[in-house]
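Spelled out from the first residue to the last, the chains are:
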Amino acid sequence: PAAWFLFMQAKKRGKYCGLFDAGTGPVSTPMGIRLLREIGEMADFLTLRDEDSLKLLRDIGVTNPNAII
């Protein structure tokens, strides 16, 4: 929830935001999935540690084209 809040505040102020060398998961609660999906969509860039992290984002509905491994 803290990362989501920070992303929301930064984006409202027009800041460039992203995740660098991120690993995702495990995420098991509906709230966790929703927040991860929203962060994934809000991010201006996502660099991920592994294929599983990208697969998880795609599985929960993140369509951000700026996600790379």
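Below: a short report on this structure. Quick caveat, the model's predicted, so the values are computed rather than measured.

**Section: unusual backbone geometry**
- Each neighbour pair has its own omega, and for Gly 25 with Pro 26 the value is -5°, a cis peptide bond.
- Mapped onto the secondary structure, Pro 26 falls in the loop between β1 (18-22) and α2 (30-42).

**A look at the pairing of strand β2 (residues 45-48)**
- As defined by bridge partners, β1 adjoins β2 across three bridges and the pair is classed as parallel. Its bridge partner lying in β2, Gly 18 is registered against Phe 45.
- Taken together, β1, α2 and β2 form a β-α-β motif whose crossover is right-handed.
- Bridge analysis of β2 against strand β3 (residues 67-68) gives two bridges, and the strand direction is parallel. Bridge pairing in β3 links Thr 47 to Ile 68.
- Of the crossover connections in this fold, the one passing from β2 over helix α3 (residues 51-59) to the parallel β3 is right-handed.

What counts as what
By convention here, each chain's residues receive numbers from 1 onward along its written sequence. Local features in this predicted model are restricted to residues whose pLDDT is 70 or higher, and side-chain atom pairs enter the listing and the counts only when it is 80 or higher, whereas totals over whole chains, interfaces and linings include all residues. In computing side-chain values, all of the structure's heavy atoms are included and hydrogens and water are not. Counting from the N terminus, the helices are the DSSP runs of H or I reaching at least four residues and the strands are the DSSP runs of E reaching at least two. Whether two strands pair depends on DSSP finding at least two bridges between them. When the strands point away from the viewer, a crossover counts as right-handed if the route from the first strand across the helix to the second turns clockwise.

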